[in-house]
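Each chain, written out:
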Amino acid sequence: MKLKIYCKRAVKILSLIVAAAVFVGFTQNRFDNNKIRIDGFYLEDKNSLDVVLLGASEVYTAFSSAMAYDEYGFTSYPYAIESNPLELYKSQIKEIKNHQSPKLFVIEMNTAASSGKGKDLTVADDVNLRRYTDNMPFSKNKIDTVNEFSQSDDILSYYIPFIKYHGELGSFYRCFYETRMNFTGYSLLKGISTKAEKSPGDKAYSLQGDTSSAPLMEESEKKLRDFLDFCKEENLDNVLFVRFPHRVTTDERYKRFQRGNRVGEIISEYGYDYLNFENSYQSFNLDFNNDFYNDDHMNIYGQQKFTSYFGGILQNNYGINPSEISDELKAKWDNSADYTKRLYKYVGNLTENGDDRWIYETTYLLHSLDKVTPE
């Protein structure tokens, strides 16, 4: 009898320990738009994406996968983190291929173009490495990535985020940001993050048709060529390199624009396509005053213009037509398109009220969108 009592107590104590460990492990992490976006990628049905977009913040602010689906029928998702460095692109290509077999990889090349004045933004520092690896499931690729790029002596903290973030009290309430997404079982807004804010750009340079170039930093060009060699070695023929729109307002930003043209020249040497939307913005009526929230990022109005334009290019020029999908998966994507329409309507009210909050898939935002009737 006593043995049974002791066993029951032991089971209860063990259950409490496990529950506490799960709770601590879940809450003591960095919860932000990067985590929600990457977590959403892993919720997508395996091998269900026609296109995966890789890059930094330009990707998830400029392109709406749900809007592209609604207009063109193909499925896509942004595998992107803030300030994503070129050094991590190899690992991220491997990670994407472990879960998806897209018809096309779209790779935004801001990281190579932005490196200048002695600052190499292609390098993976500890912050952007953790933005990526903290949200990867455990795998050989994760181990290899941490071993190659970690700058901390405490390697264990890359696998147990509690060690790194246990002092961040905000993690306890931020963990509820993505409870709605996990409950739904997939990302409704497909990883977008942007603003409704409009910032004036009266002094923006006119770049239409400008193909002038400037040299890259030596190390940046070396890493770029190394990545392109990797793409060739992996027989990645289904790759489209792009430069998404930015607003150029200073001489230094103009130098960055010229480096972007140089990036395109190098990519062309390897036989890949490179679409530079910085010098072709008039094709989709981009407005420098109303379609950006800062020089580097389009707002949600620019996002709608660019998604419609670029989605058409992907379908008409690169043959990205809708794949056959199940009724269940179609219902999910139709729901995402519905909530994205709700978002665009909801954002109109934010603009009228001068609200410049960040827009990304939090539980609070989705509850707000529940009350919106899409047009």
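The coordinates are above.
As a starting point, this report considers the structure included with it.

Rules used throughout
Residues numbered from 1 in each chain as written. Predicted model: local features only at pLDDT ≥ 70, side-chain atom pairs only at ≥ 80, totals over all residues. Heavy atoms only, no water. Helix = DSSP H or I, 4+ residues; strand = E, 2+ residues; numbered from the N terminus. Buried < 20%, exposed > 50% of the residue type's maximum accessible area, 1.4 Å probe, protein only. Contact = heavy atoms within 4.5 Å. 1 Å grid on protein atoms, 1.4 Å probe; cavity = no way out; pocket = protein on both sides within 12 Å on 5 of 7 lines; lining within 4 Å. Points joined across faces, edges and corners; volume = space filled by probe spheres on them. Nonpolar A, V, L, I, M, F, W, Y, C, P; charged D, E, K, R; others polar. Axes fitted to C-alpha atoms, helices over the stretch in contact; angles between N-to-C directions. Parallel < 35°, antiparallel > 145°, perpendicular 65-115°, else oblique. Left-handed = near helix turned anticlockwise from the far one by under 90°. Pairing = 2+ DSSP bridges. Core = buried A, V, L, I, M, F, W, Y, C linked by side-chain atoms within 4.5 Å. Salt bridge = Lys/Arg side-chain N within 4 Å of Asp/Glu carboxyl O.

**Thoughts on the overall build of the protein**
- A tally of helices and strands in the protein yields 16 helices and seven strands.
- In the protein, which comprises 375 residues, the share counted as buried stands at 54%.
- Considering only residue pairs separated by 6 or more positions, the protein has 83% of its internal contacts joining residues 24 or more positions apart.

**A word on unusual backbone geometry**
- One non-glycine residue, Asn47, lies in positive phi territory at about 55°.
- In this structure, Asn47 sits in the loop between helix H2 (33-43) and strand S1 (51-55).
- One non-glycine residue, Lys190, lies in the positive phi region at around 55°.

**A look at the layout of surface pockets**
- Computed from the structure, the largest pocket encloses a volume of approximately 470 Å³.
- Residue lining of the largest pocket: 22 residues in total, with Asn110, Ser114, Leu121, Arg256 and Asp296 positioned closest to the centre.
- Broken down by secondary-structure element, the contributors of at least two residues to the lining of the largest pocket are helix H3 (57-62), helix H6 (110-114) and helix H13 (251-269).
- With four residues, the single largest contributor to the lining of the largest pocket is H13.
- What the second largest pocket holds in volume is close to 300 Å³.
- Lining the second largest pocket are 15 residues, with Glu87, Lys90, Ser91, Glu148 and Phe149 positioned closest to its centre.
- For the lining of the second largest pocket, the secondary structure elements donating two or more residues are helix H5 (89-99), helix H8 (140-149) and helix H12 (218-233).
- Residue classes in the lining of the second largest pocket are distributed as three nonpolar, three polar and nine charged.

**Observations regarding the packing of helix H4 (residues 65-72) against helix H15 (residues 327-352)**
- Packing of H4 against H15 brings their axes to within 8 Å, and their N-to-C directions diverge by 110°. With respect to their mutual orientation, H4 and H15 come out roughly perpendicular. As H4 packs across H15, the resulting crossing turns out to be left-handed. Residues Ser65, Ala66, Met67, Tyr69 and Asp70 of H4 form the contact with H15, whose own contacting residues are Lys330, Trp333, Asp334, Ser336, Ala337, Thr340, Lys341 and Tyr344.
- In the contact of H4 with H15, the residues fall into six nonpolar, three polar and four charged.

**A short note on empty space enclosed by the protein**
- Across all of its chains, the model carries two cavities of 30 Å³ or more by this definition.
- Considered as a void within the structure, the largest cavity measures approximately 40 Å³ in volume.

**Looking at the sheet that holds strand S5 (residues 273-276)**
- Judged by pairing direction, the sheet is parallel, and its five strands sit side by side in the order S2-S1-S3-S4-S5 without closing on themselves. Either end of the sheet is taken by a strand with one partner, and the two such strands are strand S2 (76-80) and S5. Here the strands of the sheet are splayed against their neighbours by 25° on average, with no regard to which way each runs.
- Summarising the sheet, strand S3 (residues 104-108) and strand S4 (residues 239-243) pair through four bridges and their orientation is parallel. Its bridge partner being in S4, Glu108 is matched across the sheet by Val242.
- Contacts from H13 reach S4 and S5, with the element oriented near 160° to S5.

**Here's the deal with the nonpolar core**
- If you look at the biggest cluster of nonpolar residues, it comprises 44 residues, and the most contacted ones within it are Tyr79, Ile107, Met109, Phe227, Phe241, Val263 and Tyr272.
- At five residues, the largest contribution of residues to this core is made by H12.
- Those residues in contact with Tyr272 that sit more than four places away from it in its chain are Leu228, Cys231, Lys232, Leu236, Val239, Phe241 and Ile267.
- Formed by 31 residues, the second largest nonpolar core is a distinct cluster that contains Tyr60, Leu240, Phe257 and Leu314.

**So, the environment of Glu218**
- Mapped onto the secondary structure, Glu218 falls in helix H12.
- Residue classification places Glu218 among the exposed positions, given a relative accessible area of 70%.
- Sequence spacing of Glu218 and Asp120 is 98 residues, and the spatial spacing of their C-alpha atoms is 9.5 Å.

**Here we look at the pairing of S1**
- Across the five residues that make up S1, a large majority, five, are buried.
- Side chains Val51, Leu53 and Gly55 project from S1 onto one buried face, and the interleaved Val52 and Leu54 project onto a second face that is buried too.
- As paired strands, S1 and S2 are joined by five bridges and run parallel to one another. Along S2, the bridge assignment pairs Leu53 with Pro78.
- In the sheet, S1 pairs with S3 via four bridges, with the strands oriented parallel. Residue Val51 lies in a different strand from S3, and its bridge partner there is Leu104.

**Here's the deal with the pattern of salt bridges**
- Counted by the stated rule, this structure contains 28 salt bridges.
- Put simply, Lys35 and Glu178 hold a salt bridge, and the shortest N to O gap is 3.8 Å. Pair noted here: Lys35 is in helix H2 and Glu178 is in the loop between helix H10 (171-174) and helix H11 (179-184), with a separation of 143 residues, a long-range link.
- Notably, a salt bridge pairs Asp45 with Lys332, separated by 3.3 Å at the nearest N-O pair. Here Asp45 is found in the loop between H2 and S1, whereas its partner Lys332 is found in helix H15, with 287 residues between them in sequence.
- The exposure class assigned to Asp45 is partly exposed, which follows from its relative accessible area of 30%.

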